[in-house]
Amino acid sequence: MTDKTEKNLSYAFAAESKAAIRNDAFAKRAEKDGYPQIARLFRAISDAESVHARRFLFLMRGKVGPTEENLGAAFQNEIKANVDEYPKLIKDAMDENNKTALQAFSHARDVESRHAELYKKAMNDMLAERHSKYYVCQVCGYIFEDSLPENCPVCGAPKSKFNLVE
Ligand SMILES: [Fe+2]
Ligand SMILES: [Fe+2]
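A few points on the structure.

About the cut-offs
Residues numbered from 1 in each chain as written. Chains lettered and ligands numbered in written order. Predicted model: local features only at pLDDT ≥ 70, side-chain atom pairs only at ≥ 80, totals over all residues. Heavy atoms only, no water. Buried < 20%, exposed > 50% of the residue type's maximum accessible area, 1.4 Å probe, protein only. Helix = DSSP H or I, 4+ residues; strand = E, 2+ residues; numbered from the N terminus. Pairing = 2+ DSSP bridges. Donors = N, O, S within 2.8 Å, 3.2 Å for Na, K, Ca; no water. Tetrahedral: all angles 85-135°; square planar, octahedral: opposite > 155°, others 65-115°. Expected span 1.5 Å × (residues − 1). Contact = heavy atoms within 4.5 Å.

Here strand β1 (residues 134-137) shows a clear split, with Tyr135 and Cys137 buried on one side and none of Tyr134 and Val136 buried on the other. By the bridge criterion, three bridges tie β1 to strand β2 (residues 143-145) in an arrangement that is antiparallel. Residue Val136 lies in a different strand from β2, and its bridge partner there is Ile143. Taken together, β1 and the strand that follows it, β2, pair antiparallel across an intervening segment of five residues, in which Gly141 is found at a positive phi of about 90°. Direction of pairing for β1 relative to strand β3 (residues 162-165): antiparallel, over a ladder of four bridges. Looking at the pairing, Val136 lines up with Asn163 of β3.

Below is the structure:
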């Protein structure tokens, strides 16, 4: 593959990933505004943009490897976000006294170390026969395994704000 194609795939992957999340946010807003059919349309298109994004990612060199490698890469990305990337964003938000951005970045930083911990555990028992359920906080992204306490330890959201991944 030429560098040009690699670059174009990377560009298209980023654009489609953003479009998927943007349409999903539009769907949530449409739901809230009382337009369930428009919400379904946004969700369907969000899903379709995800199809595009994944297809481009699979075509890129070295981005999706064997699962053992993917776990390692995913773990490293969480650590990098936790110790390197979010702290910079947090500092800027503090300097600008933007409290909502500060809270969102701080939650994300704290949650990334939880994500890293879950990956680490998975790497340690790759072959264990286990079926865990995961509960994902829809406010901050914190993840519980198997059982759910009353409130999210990072953002304080109640039980009802968690999505179950089986
Ligand atoms: Fe994460
Ligand atoms: Fe949370």
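This part takes up the coordination of the iron ion (ligand 1). The protein atoms that coordinate the iron ion (ligand 1) are Glu78 (OE), Glu78 (OE), Glu112 (OE) and His115 (ND1), at distances spanning 1.9 to 2.6 Å. One way to put it: the four donor atoms around the iron ion (ligand 1) meet at angles of 53 to 132°, and that makes the site irregular. Taken in sequence order, the residues that donate to the iron ion (ligand 1) follow the motif E-x33-E-x2-H. You can see Glu112 and its partner His115 sitting in helix α4 (residues 99-124), three residues apart, about one turn around the helix.

Here we take up the coordination of the iron ion (ligand 2). Protein ligation of the iron ion (ligand 2) involves Cys137 (SG), Cys140 (SG), Cys152 (SG) and Cys155 (SG), the donor distances falling in the range 2.3 Å. Classification of the site at the iron ion (ligand 2) as tetrahedral follows from its four donor atoms and the range of 101 to 120° in their angles at the metal. Mapped onto the polypeptide sequence, the residues donating to the iron ion (ligand 2) form the spacing pattern C-x2-C-x11-C-x2-C. We note that Cys137, like Cys140, is buried.

For helix α1 (residues 3-32), spanning 30 residues, the distance from its first C-alpha to its last is 44 Å, which sits close to the expected 44 Å at 1.5 Å a residue. Of the residues making up α1, those classed as buried are Glu6, Leu9, Ala12, Glu16, Ala19, Ala20, Asn23, Ala27 and Ala30. The inward-facing, buried residues of α1 contact α2 (36-59).

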